[in-house]
Amino acid sequence: MDFTFSEEQQAAAEAARGVFADVAPDAVPSPALSSGPVADDLDRALWARLADADLLSLLLAPEHDGAGLDTVALCLVLRESARVLARVPLLESTAAAAAVQRYGDPRTHSALLARAGRGESVLTVAAHGRTGHDPAERAVTARRDGDTWVLDGTQTAVPWAYEADLTLVPAHTGDDRSVLALVPRGHPGTGLAEQVSTSGERLGELRLDGARILAREVIDAAGAWEWLRDLLATGTCALALGLGERVLAMTGEYAGKREQFGHPIATFQAVAVQAADRYIDLRAMAATLWQAAWRIDAGVTGALPVSGDVAVAKIWASEGVRRVVQTAQHLHGGFGADVEYPLHRYHAWAKQLELSLGPAAAHEETLGDLLAAHPLA
C-alpha cells in the first residue's frame with residue numbers, strides 16, 4: 001500500500017505554508033495580557049489571503065469553484081495553521097460548507113457555497129451542546145411548522161459566533177432525528193452572550209427561543225450531523241498535531257542552546273528521554289489522525305464504523321497535545337511563562353484544543369461500546 005500523500009494534497013499543504021509564512025506567533029494576542037477576549041474579530045487579512053490561495057474551498061466541488069479535495073488535504077492545511085496559531089475559522093467554515101454541500105439542497109445553497117469558498121461568507125458550527133459535555137444535538141429542539149422549523153434551546157462555546165454570518169446548529173426532533181439548521185447571525189428569536197475561551201478567543205452562547213428557520217435552510221438528511229461531527233473532531237486532531245509538532249521543535253531548539261554545567265541541556269539523558277517520549281506521542285497522533293481522515297472519505301467498510309477511528313484519534317490527540325506542552329514548559333523552565341516568548345500562547349491554545357476534544361476516558365468508553373457492538377472476528 002502507498003501511504004504517501006497525493007500530489008494534490010501536498011500542493012495544498014505547500015500553498016498553506018506559503019500563506020502562513022508571514023504569520024508571527026509572537027504577534028498573536030496573548031490571553032495572559034487580557035481579562036477579556038484578545039480581539040474583537042478574526043484575522044481578516046489572513047482570511048483574505050487564504051481565500052486568494054483557494055484554501056477556503058478545498059472540500060467544495062468544482063461546480064462551486066472548489067478544489068474537490070478530501071479530508072486529508074484539509075487536515076494538512078489545518079496542521080500548518082496550528083503551527084502559527086492562525087486566528088481564522090478555517091476548520092469551522094470549511095466543515096460547515098462541506099456538510100451543506102454533501103447533504104443540503106444544491107439548488108438552494110449553490111450561491112452560499114461559492115461565497116463561502118471565496119471567503120465572503122463565514123460559517124461556523126455550534127458543536128458543544130448546552131454545557132460542553134452533553135451531545136450537541138440534544139441541546140436544541142426542532143419542530144416542523146408548515147414551511148418553517150422552530151428551534152428552542154442553547155448551544156454553548158460557539159467559536160466565531162460573533163464573526164460568522166451563519167451558524168450551523170444541530171438539533172433533535174420529536175421523533176428523535178438530528179437536523180442541521182443554518183441560523184443567520186442576529187436572526188429573530190436568537191441571542192448571543194459573550195464567552196471567552198482558554199486561548200482568549202471570543203466565543204458565543206447561542207440562545208434560541210422560538211427561532212423560525214425556513215425549511216429550505218434546514219438539512220434533515222440522515223447521517224448529516226454525525227458526518228459533520230466526525231469531520232470537526234478529526235480537524236481538531238489535525239490542529240493538535242500541528243501545534244504539538246511546533247512546540248516540540250521549539251523545545252528542541254531551546255534545549256540545544258540552553259546550557260547547564262557547561263553543556264546544552266539537550267545532551268542530558270533525562271531531557272532526551274522526555275523529548276523522545278513526546279516525539280512518540282506525535283507519531284501516534286499523526287498515524288491515528290490520517291487513519292480517521294482517510295476513513296471519513298473512503299467509504300470503506302471496516303471492523304468498526306468511522307466513529308471508532310475518530311475516537312482513537314481523539315484519545316491520542318487529547319492526551320498527546322497536553323503531554324507535549326507540559327513537557328515543553330518543564331524543559332523551558334520559567335522562560336516558558338514569559339509573555340515575550342510564544343510558548344505560553346501555544347500552551348493556552350493546546351488546553352483549548354484538549355477541552356474541545358474532551359477527555360480521553362470518554363473516548364475510550366465510546367470505543368469500548370463500539371467494540372462491544374461490533375465484535376471483531
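These numbers come from a predicted model, not from an experiment.

Engineer: Tell me about the overall build of the chain, residues and numbers included.
Structural biologist: Scanning the chain from terminus to terminus reveals 10 helices and 10 strands. Taken along its principal axes, the extent of the C-alpha atoms in the chain is 80 × 55 × 40 Å. When burial is assessed residue by residue, the chain has 53% of its 377 residues classed as buried. Of all intrachain contacts in the chain linking residues separated by at least 6 positions in sequence, the fraction that spans at least 24 positions is 74%. Here the chain displays about 16,500 Å² of accessible surface, and carbon together with sulfur accounts for 52% of that area. Distance between charge centroids for the chain: 2 Å, based on 32 positive and 49 negative side chains.

Engineer: Describe the nonpolar core, listing the residues and the values that go with them.
Structural biologist: Formed by 88 residues in total, the largest nonpolar core has its most connected members in F20, L50, L228 and L243. Those residues in contact with L228 that sit more than four places away from it in its chain are A95, A96, A99, V125, L168 and L180. Listed in part, the 19 residues of the second largest apolar core include V140, A142, L206 and V218.

Engineer: How would you sum up the state of the cysteines? Please name residues and give values.
Structural biologist: As enumerated under the stated definition, the model contains 0 disulfides in all. The thiol of C75 is not disulfide-bonded; the next cysteine sulfur, from C237, is found 8.2 Å away. Using a relative accessible area of 0% as the deciding quantity, one classes C75 as buried. In this structure C237 comes out as buried when scored by relative accessible area, which is 3%.

Engineer: Mind laying out the packing of aromatic side chains, listing which residues take part and the relevant values?
Structural biologist: The full count for this structure, using the stated rule, is 2 aromatic pairs. For the ring pair F5 and W290, a centre distance of 5.0 Å and an interplane angle of 75° mean the geometry is edge-to-face. Of the two residues, F5 sits in the segment before helix 1 (7-20) while W290 sits in helix 7 (residues 269-298), which places them 285 residues apart along the sequence. Look at W290 and you get buried, because its relative accessible area is 16%. Above the plane of the ring of Y279 lies R283, whose end atom (NZ or CZ) is 5.1 Å from the centre.

Engineer: How would you explain the environment of F3 if you had to name every residue and give the values?
Structural biologist: Looking at the element boundaries, F3 is found in the segment before helix 1. Sequence separation between F3 and W290 is 287 residues, and the spatial gap between their C-alpha atoms is 9.5 Å.

Engineer: Outline the packing of helix 6 (residues 224-257) against helix 8 (residues 306-332), supporting the account with residue identities and numerical values.
Structural biologist: The N-to-C vectors of helix 6 and helix 8 enclose an angle of 25°; their axes lie 9 Å apart at closest approach. Comparing their axes, helix 8 and helix 6 come out roughly parallel. Helix 6 and helix 8 meet at a crossing whose hand is left-handed. Residues D230, A233, T234, C237, A240, L243, G244, V247, L248, M250, T251 and Y254 of helix 6 form the contact with helix 8, whose own contacting residues are V306, S307, V310, A313, K314, A317, V321, V324, V325, A328, L331 and H332.

Engineer: Give me the pairing of strand 3 (residues 148-159): which residues, what numbers.
Structural biologist: Strand 3 sits mainly inside the fold: 9 of its 12 residues count as buried. Where strand 2 (residues 140-145) and strand 3 come together, 6 bridges link them in antiparallel fashion. What sits directly across from A142, in strand 3, is L151. Between strand 2 and strand 3, which pair antiparallel one after the other, the connecting turn spans 2 residues, and G146 there sits at a positive phi close to 65°. As judged from the 10 bridges shared by strand 3 and strand 7 (residues 202-214), these two strands associate in the antiparallel manner. Paired with D152 across the bridge in strand 7 is D209.

Engineer: An account of the environment of V321 is requested, with residue identities and associated values reported.
Structural biologist: As for its placement among the helices and strands, V321 is situated in helix 8. Here the alpha-carbon distance between V321 and E245, two residues 76 residues apart in the chain, equals 9.2 Å. Residues in contact with V321, not counting those within four places in the same chain, are A240, L243, M285, W316, A350 and E354.

Engineer: Which residues make up the side chain of Q155, and what are the values?
Structural biologist: Turning to its location among the elements, Q155 is positioned in strand 3. A distance of 2.9 Å separates a polar atom in the side chain of Q155 from the backbone nitrogen of G129. Those residues in contact with Q155 that sit more than four places away from it in its chain are A126, H128, G129, A136, A139, V140, V169, P170, G204, E205 and L206.

What counts, and at which threshold
- Residues numbered from 1 in each chain as written.
- Predicted model: local features only at pLDDT ≥ 70, side-chain atom pairs only at ≥ 80, totals over all residues.
- Heavy atoms only, no water.
- Helix = DSSP H or I, 4+ residues; strand = E, 2+ residues; numbered from the N terminus.
- Buried < 20%, exposed > 50% of the residue type's maximum accessible area, 1.4 Å probe, protein only.
- Contact = heavy atoms within 4.5 Å.
- Areas by Shrake-Rupley, 256 points an atom, 1.4 Å probe, with all protein chains shown as cover.
- Lys, Arg positive; Asp, Glu negative; His and termini not counted.
- Charge placed at Lys NZ, Arg CZ, Asp CG, Glu CD.
- Core = buried A, V, L, I, M, F, W, Y, C linked by side-chain atoms within 4.5 Å.
- Disulfide = S-S within 2.5 Å.
- Phe/Tyr/Trp six-rings, centres within 6.5 Å; stacked < 30°, edge-to-face > 60°.
- Lys NZ or Arg CZ within 6 Å of the ring centre and 35° of its normal.
- Axes fitted to C-alpha atoms, helices over the stretch in contact; angles between N-to-C directions.
- Parallel < 35°, antiparallel > 145°, perpendicular 65-115°, else oblique.
- Left-handed = near helix turned anticlockwise from the far one by under 90°.
- Pairing = 2+ DSSP bridges.
- Polar contact = N/O pair within 3.5 Å; in protein donor to acceptor, adjacent residues only side chain to side chain.

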